[in-house]
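Structural features, examined
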Amino acid sequence: MSDIYTGKGKCQVMEDKRITKTKRSLKESMIRMLGEETFEQISITELCRKADVSRITFYSHYSDKYALLDDIFNDMLAQGTADYRRRQQENNQRNGLVAVYLNILDSILKVYYDRFDFFRHTNPEENPYLASRFYSIVLETVELHTAHVRQRLKLKYSPRKIAGFVCFGMFGFINECHEEKTPLEQIRQEAKMLLTDMLRSGVITECEEDPAGDGA
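Residues numbered from 1 in each chain as written. Predicted model: local features only at pLDDT ≥ 70, side-chain atom pairs only at ≥ 80, totals over all residues. Heavy atoms only, no water.

A short note on the packing of aromatic side chains
This structure, assessed with the given rule, holds 16 aromatic pairs. Judged by centre distance (4.9 Å) and plane angle (45°), the rings of phenylalanine 119 and phenylalanine 134 are tilted. With phenylalanine 119 in helix H6 (residues 116-119) and phenylalanine 134 in helix H7 (residues 128-149), this pair connects stretches of sequence that are 15 residues apart. Just as phenylalanine 119 is buried, phenylalanine 134 falls in that class too. Counting every residue linked through ring pairs, the aromatic cluster contains Phe73, Tyr112, Tyr113, Phe116, Phe118, Phe119, Phe134, Tyr135 and Phe171. The positively charged end of lysine 65 is found above the aromatic ring belonging to phenylalanine 39, 4.8 Å away from the centroid. (Phe/Tyr/Trp six-rings, centres within 6.5 Å; stacked < 30°, edge-to-face > 60°. Helix = DSSP H or I, 4+ residues; strand = E, 2+ residues; numbered from the N terminus. Buried < 20%, exposed > 50% of the residue type's maximum accessible area, 1.4 Å probe, protein only. Lys NZ or Arg CZ within 6 Å of the ring centre and 35° of its normal.)

A closer look at the environment of histidine 178
Note on placement: histidine 178 falls in helix H8 (residues 159-179). Residues contacting histidine 178, with those up to four places away along its chain left out, are Tyr112, Tyr113 and Ile187. (Contact = heavy atoms within 4.5 Å.)

So, the confidence of the model for the protein chain
Across the protein chain, the average pLDDT comes to 88, with 88% of residues at 70 or higher. Counting contacts from residues 1-5, a segment whose pLDDT is below 50, to residues more than four positions away or on other chains yields zero contacts. Overall, residues 208-213 carries pLDDT values under 50, and its contacts beyond four positions in sequence, including any with other chains, amount to 14 contacts. (pLDDT = per-residue confidence, 0-100.)

Some remarks on the packing of helix H4 (residues 65-91) against H7
For the pair H4 and H7, the least separation of the axes is 11 Å and the interaxial angle reads 35°. For the pair H4 and H7, the crossing hand works out as right-handed. Contact residues: Tyr66, Leu69, Asp70, Phe73, Leu77 and Tyr84 in H4; Tyr129, Leu130, Arg133, Phe134, Ile137, Thr141 and His145 in H7. A breakdown of the residues in the contact of H4 with H7 according to their chemical character gives nine nonpolar, two polar and two charged. (Axes fitted to C-alpha atoms, helices over the stretch in contact; angles between N-to-C directions. Left-handed = near helix turned anticlockwise from the far one by under 90°. Nonpolar A, V, L, I, M, F, W, Y, C, P; charged D, E, K, R; others polar.)

Side note on the side chain of lysine 65
You can see lysine 65 is positioned in helix H4. Here lysine 65 is buried and forms no salt bridge, its nearest opposite-charge partner glutamate 40 lying at an N-O distance of 4.6 Å. Polar side-chain contacts of lysine 65 include one of 2.8 Å to the backbone oxygen of phenylalanine 39. Setting aside anything within four residues of it in sequence, one finds lysine 65 in contact with Met30, Phe39, Glu40, Gln41, Ile42, Ile44 and Phe58. (Lys, Arg positive; Asp, Glu negative; His and termini not counted. Salt bridge = Lys/Arg side-chain N within 4 Å of Asp/Glu carboxyl O. Polar contact = N/O pair within 3.5 Å; in protein donor to acceptor, adjacent residues only side chain to side chain.)

Thoughts on the pattern of salt bridges
In total, this model carries 14 salt bridges according to the counting rule given. The residue lysine 27 makes a salt bridge to aspartate 71 at a minimum N-O spacing of 3.4 Å. Taken together, the residues lysine 27 in helix H1 (residues 2-34) and aspartate 71 in helix H4 connect sequence positions 44 residues apart. Across this residue pair, the class does not change: lysine 27 and aspartate 71 are buried. In this structure, the salt-bridge partner of glutamate 90 is arginine 86, at a minimum N-O distance of 3.0 Å. Here the residue glutamate 90 and the residue arginine 86 both occupy positions in helix H4, the gap between them amounting to four residues, near one helical turn. With relative accessibility at 36%, the residue arginine 86 sits in the partly exposed group. Salt bridges sharing common partners tie together Asp83, Arg86, Arg87, Glu90, Asp106 and Lys192.

Shown next, in the form of structure tokens:
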């Protein structure tokens, strides 16, 4: 009996590996195709051909190309979340306000530039849907952490409004840095300086200083 169950377990592992391989192939093919055409122009038929996956197999995993795109974003989000938690553990165990936002910024920038092969296609003029999804995910992430801050600090505005203000400002700042061809490390440093100055100005909380310490 134990041999039977062991056999099933091995089959399950093999099946999971096949599923992982199939999804990885579809994701990689999607990203490569984005370098050749816009997201809206990509067809399931051509995507499957380049990924060497049948349409039946594709639809057994994803309802459409939008679901596949969301899975790509979810992979990136998982990477960013893991990096953020590591940074919090290493340099902000007191959960200071400034350090929370700097760690979020660092984690987003790390994933963004580590996977620039994908994120370079989130230009709103080229791929408005990708740009919208990317912004929404970042906005929701920052809103979530801002809501946690409200548990111990009095915020002047709702977490959603604050997240919108921070995200829109940071996106604009980084885009202008790219236009000016600012080196990557300088972008990181200047973005962190700008965010730190804004947070310490009292624009978000009723208190100018974070009573829990900023961790910076």
